[in-house]
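Structural characterization, general
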Amino acid sequence: MINLDDPKKFKPLVGQAHQVAMNMLRPISRKYDHGEHEYPQELDMLAAMVDGLSESGASGGAGASGVRRDEGGAEEKTPTGTKNGANLASVMSITEMCWGDVGLLLSMPRQGLGNSAIASVADAEQSERFAGVWAGMAITEPGVGSDSANIKTTARLDGDEYVINGEKIYVTAGGRADHIVVWASLDRDLGRAAIKSFVVPKGTPGMRVDRLEHKLGIRASDTATIIFEDCRVPAANLLGSPEVDTKQGFAGAMATFDNTRPLVAAMAVGCARASLDLTRDLLAKAGVEVDYDRPAVVQSAAAAKLLQMESDWEGAYLLMLQAAWMADNRQPNSLEASMAKAKAGRVGSDITLSCVELAGSVGYSEAELLEKWARDSKILDIFEGTQQIQQLIVARRVLGLSSGELK
Amino acid sequence: MSLLSNLKPGGRHGVPSGESRDPVGLLVAGLNRLAQSELLDRVGLRRPTEQAVFTVTRSGFSTLTTASRTFARAGSVAKTGARPQAATTQRGVFDLTPSEDDQMLVDVVTEYAEEVLRPAAGEADDACEAPEAVLKASLEIGLPILGLPESVGGISEERSAMAGTLVAEALGKGDMGLAVATLAPGSVATAIGLWGTEAQQQTYLPAFTGDEVPAAALALTEPSVLFDALAPATIASRTSEGYRLEGVKSLVPRGDKAELFVVGASLEGTPTLFLVESSAAGLSVEGDPAMGVRAASLTKLHLDGVVVGEDAVLGATDGTTYAECVRLSRLAWCALAVGTGQAMLDYVTPYVKSREAFGEPIAHRQSVAFMVANIAIELQAMRLLTYKAAGRAATGKDFSREVALARKACTDKGMQIGLDGVQLLGGHGFVKEHPVERWYRDLRAVGVMEGAVLV
């Protein structure tokens, strides 16, 4: 039976994440926005706590953990066979953590996007070998952004090692992580099918962090440029199959995104809710409250705007839950994942920016966090596939067009 | 009336009241007056005007409401009527799968919408009338009794807001105007099922569960700008034997045929619902055709000192019943918008793939394809918002916030879908050869219409 209220079983998890966000992340939110590139040492303790929680099984996937389709059986099903599992738990807890601070969530030790990739595609041996690492994800290059099939970094097999050469930019947590998952091509003539991902431990000769970026937002999170010069890694560090299957093409690598896009949607949803919650409170103190029963046109412009933002927010939130719920129930969710990210990304920007406008100089000043959230939200409509890439994916799916037809 | 004020342009024909005429304007106005003069007709220069008869296709013609059947009084006025049980969810599990019963119902209604509503939609829109066969078929699939508990002759064991929402969506995909025409009687029945006393249920519901289901309408909207459904200008005043109703209701579906109305009126400052039979003295109906939803034969309902009995109040007089009614009605309009939005998406998708410009399908262009993508994204968000509100309504939870959020999305994004749908067809979207212009007009109803339908 259709019920779109929050799953009851995750109430404790969400409550816990909310408390962490409120009491651990918010107090240091401005500190690391100012102190860009300073290591948020407070997070070490938090990470240890999260690890403890996941070992006890209480977290239900509290971080940016990857999600496997084949894990099955772990969560109990309802009589009708519907599952509320790890994917829903992840998006809901990430929403809460990003209500606290997006940059700090992205800096959580051992919760990197590379960890998602490892969790999603590693075989049993690799899963064991890379358990407990902190892995950043290196895809983007100076000349290659959205068209990630076009990357120039190469990996050449030499004996039982791959030799990696290339330059990667915008590696989230690239400076702090102890491992990097890097995308490289085995043979640039074979196109996208030859692109594979490799786990490279920090300290491997030939890999170095070149510099850290200075950014508009999420300043608590370090964004690194990483250079690979004849960097040798064991062949066993290739994630997935080493075969270049031109039929399967890029699908394997891109499948990671089906899992991570709802997570980024969750970040946008969480950040936007932070703005919305505070603005609602500030407006209420100024005497503006939304009356849900009365038409927006007979209320103040501020109330009408608040209603519109809340409606957009809830739409994004429900699209996010839908994408996660489908993953939990093993339904293909590529379309819904992109819908969720597209909607959450643009709604996140509109809400955080509009909240600054509504709050006036209170919103624009560093005395409040509204201006920070309006800077943090922008990246969420860019990374893991820009707004335009999401629209492209949705359009191709809805219209049934190939990437050759709809470029 | 002086000549000057007669020639004052403001306030009529869509001209703002601040406008004034310059000498050229006065000359043109005079010429126009002459052109409209009966003098021309007397010398045989023009065909005789049509006789002024009541029609729902034009406003300005008033007539008495239809004579209602005799609703035989039965049951106790003092006793609460039968009430549907709140639906039970499975331990708060997030779930997007419809129940088996709901799915079966949706399948039946979808077939009806595709095979009966859609083919009849264009003509019904022109005629401002739902064909008899369409209305008959709606009875066969049980639309009027959908929201009624079994104990009073209905089909639902539990509160059926979710089923009603899915059904309204499916009907809206067929045609919004016909959907409103076919849902209107059931909406009144559902309201009586939800809030009626035993006497009201036993008096009126047998007619809805029988073979000759009366036309009936939930009349909440009023013809005023910035209309607030919770503050109706229609006034109910107490008399020694009941209440006296005074006011005008607008956009009332099939008001000329309706035998029973549920009318919203302010009783001592609190909005309240009243059951009004169409034979009541002082009721008259006027055609009120609108931009869209035309197949629902929209009318204005005039209440000039209509006297109803003590037992005419439906539900509570503290405003709670009225507010719930408004919310459930908005929920139904959201569902209709989702259905019509889906119709639009399903129509433009093959169109942009087959229509060629510059040597290839226009769907191969991002500006076109992204528009379709955004329709799909916002439509799904509208649907989820609507389902969330419906799920809460069905389980007896407060859903005032959820339905407000759904309504906001369905109003704004729904209209955007109407706008983009026409745009995607270009000039072809503007002509009646394609249904998209009708959906454009229909989608504007959401956010404007209050009442008429309810789940």
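Residues numbered from 1 in each chain as written. Chains lettered and ligands numbered in written order. Predicted model: local features only at pLDDT ≥ 70, side-chain atom pairs only at ≥ 80, totals over all residues.

Some remarks on the overall build of chain B
In terms of regular secondary structure, chain B is built from 13 helices and 11 strands. Compactness check: chain B gives a C-alpha radius of gyration of 24 Å against a globular reference of 23 Å for 455 residues, within 12% of the reference. Projected onto its principal axes, the C-alpha positions of chain B cover 75 × 70 × 40 Å. By residue count, 53% of the 455 residues in chain B fall in the buried class. Within chain B, contacts between residues at least 6 apart in sequence are counted, and of these 77% link residues at least 24 apart. (Helix = DSSP H or I, 4+ residues; strand = E, 2+ residues; numbered from the N terminus. Rg over C-alpha atoms; globule rule 2.2 N^0.38 Å. Buried ≥ 20, exposed ≤ 12 C-beta atoms within 10 Å, placed from the backbone. Contact = placed C-beta atoms within 7 Å.)

Quick word on the overall build of chain A
Within chain A, the secondary structure is distributed over 12 helices and 8 strands. In terms of overall dimensions, chain A has a C-alpha envelope of 70 × 50 × 45 Å along the principal axes. The contacts in chain A between residues at least 6 apart in sequence include a share of 75% that link residues at least 24 apart.

A look at the interface of chain A and chain B
At the junction of the two partners, chain A supplies 42 residues and chain B supplies 42 residues. Broken down by secondary-structure element, the contributors of at least two residues to the side of chain A that touches chain B are α8 (301–328), α9 (334–359) and α12 (387–399) of chain A. No other element matches the 11 residues that α8 of chain A contributes to the side of chain A that touches chain B. Grouping the constituent residues of the side of chain A that touches chain B by class yields 23 nonpolar, 10 polar and 9 charged. (Nonpolar A, V, L, I, M, F, W, Y, C, P; charged D, E, K, R; others polar.)

Quick notes on the environment of S354 of chain A
Residues and elements named next belong to chain A. Considering the arrangement of structural elements, one finds S354 in helix α9. The sequence separation of S354 and K168 amounts to 186 residues, and the corresponding C-alpha distance is 34 Å. Beyond its immediate chain neighbours, meaning those up to four positions away, S354 contacts K305 and M309.

Side note on the domain arrangement of chain B
We note that the domain assignment places domain 1 (3–42) and domain 2 (328–443) within chain B. Distance between the C-alpha centres of domain 1 of chain B and domain 2 of chain B: 42 Å. (Domains from an automatic or database assignment.)

Description of the environment of M176 of chain B
Residues and elements named next belong to chain B. Structurally, the position occupied by M176 is in helix α7 (residues 176–195). Considered as a pair, M176 and L139 are 37 residues apart in the sequence and their alpha carbons are 17 Å apart. Those residues in contact with M176 that sit more than four places away from it in its chain are V293, L336, T340 and D442.

Regarding the pairing of strand β2 (residues 154–158) of chain A
All names here are of chain A. Sheet topology note: the β2/strand β3 (residues 161–172) ladder contains 5 bridges and is antiparallel. Looking at the pairing, D158 lines up with E161 of β3. Counted along the chain from β2 to the antiparallel partner β3, the turn is 2 residues long, and its residue G159 has a positive phi close to 65°. (Pairing = 2+ DSSP bridges.)

Some remarks on the packing of α8 of chain A against helix α11 (residues 400–425) of chain B
Close contact between α8 of chain A and α11 of chain B brings their axes to 8 Å; oriented N to C, the two are set at 95°. Here α11 of chain B runs roughly perpendicular to α8 of chain A, going by the angle between their axes. Contacts from L307, Q308, E310, S311, E314 and G315 of chain A of α8 of chain A reach α11 of chain B at A404, L405, K408 and A409 of chain B. (Axes fitted to C-alpha atoms, helices over the stretch in contact; angles between N-to-C directions. Parallel < 35°, antiparallel > 145°, perpendicular 65-115°, else oblique.)

Some remarks on the nonpolar core
Ranked by internal contacts, the top residues of the largest apolar core, which has 258 residues, are M267 and M320 of chain A together with F274, L331 and V372 of chain B. Excluding its chain neighbours within four sequence positions, the residues that come into contact with L331 of chain B are A161, T165, T386, A389, A390, A393, V403 and V455 of chain B. (Core = buried A, V, L, I, M, F, W, Y, C linked by C-beta atoms within 7 Å.)

What about the domain arrangement of chain A?
All names here are of chain A. By domain assignment, chain A separates into domain 1 (8–121), domain 2 (133–239) and domain 3 (251–399). Each partner contributes residues to the interface: domain 2 has 7 residues there, and domain 3 has 7 residues. Each residue belonging to the side of domain 2 that touches domain 3 can be placed in one class, and the counts come to 4 nonpolar, 3 polar and no charged.

A short note on the packing of helix α9 (residues 320–354) of chain B against helix α13 (residues 436–443) of chain B
All names here are of chain B. With their axes 10 Å apart at the nearest point, α9 and α13 run at an angle of 155° to one another. The orientation of α9 with respect to α13, classified from their angle, is roughly antiparallel. Classified by chirality, the crossing of α13 by α9 is left-handed. Contacts from A337, T340, A343, M344 and Y347 of α9 reach α13 at V436, W439, D442 and L443. (Left-handed = near helix turned anticlockwise from the far one by under 90°.)

Observations regarding the confidence of the model for chain A
For any part of a model where pLDDT is low, the fine detail of the predicted coordinates should not be relied upon. When pLDDT is averaged across chain A, the result is 90; 91% of the residues are at 70 or more. Confidence drops under a pLDDT of 50 for residues 57–75 of chain A, and excluding neighbours within four residues, the segment shows 52 contacts in the predicted structure. (pLDDT = per-residue confidence, 0-100.)

A short note on the environment of R294 of chain B
Residues and elements named next belong to chain B. Tracing the chain through its elements places R294 in the loop between β7 (283–287) and β8 (298–309). Between the C-alpha atom of R294 and that of C128, which follows or precedes it by 166 residues, the distance is 4.9 Å. Setting aside residues no more than four positions away along its own chain, R294 makes contact with D125, C128, G177 and P289.

A closer look at the confidence of the model for chain B
Mean pLDDT for chain B: 92, with 93% of residues reaching 70 or above. For this predicted complex, the interface score ipTM comes out at 0.92, alongside a pTM of 0.93.

Some words on unusual backbone geometry
Residue and element names in this part refer to chain B. We note that C128 has phi near 55°; this positive angle belongs to a residue other than glycine. Mapped onto the secondary structure, C128 falls in the loop between α4 (100–127) and α5 (132–140). The class for C128 is buried, based on 22 C-beta atoms found within 10 Å. With phi around 50°, V293 is a residue other than glycine that occupies positive phi space. Structurally, V293 is set in the loop between β7 and β8. Using a count of 31 C-beta atoms within 10 Å as the deciding quantity, one classes V293 as buried.

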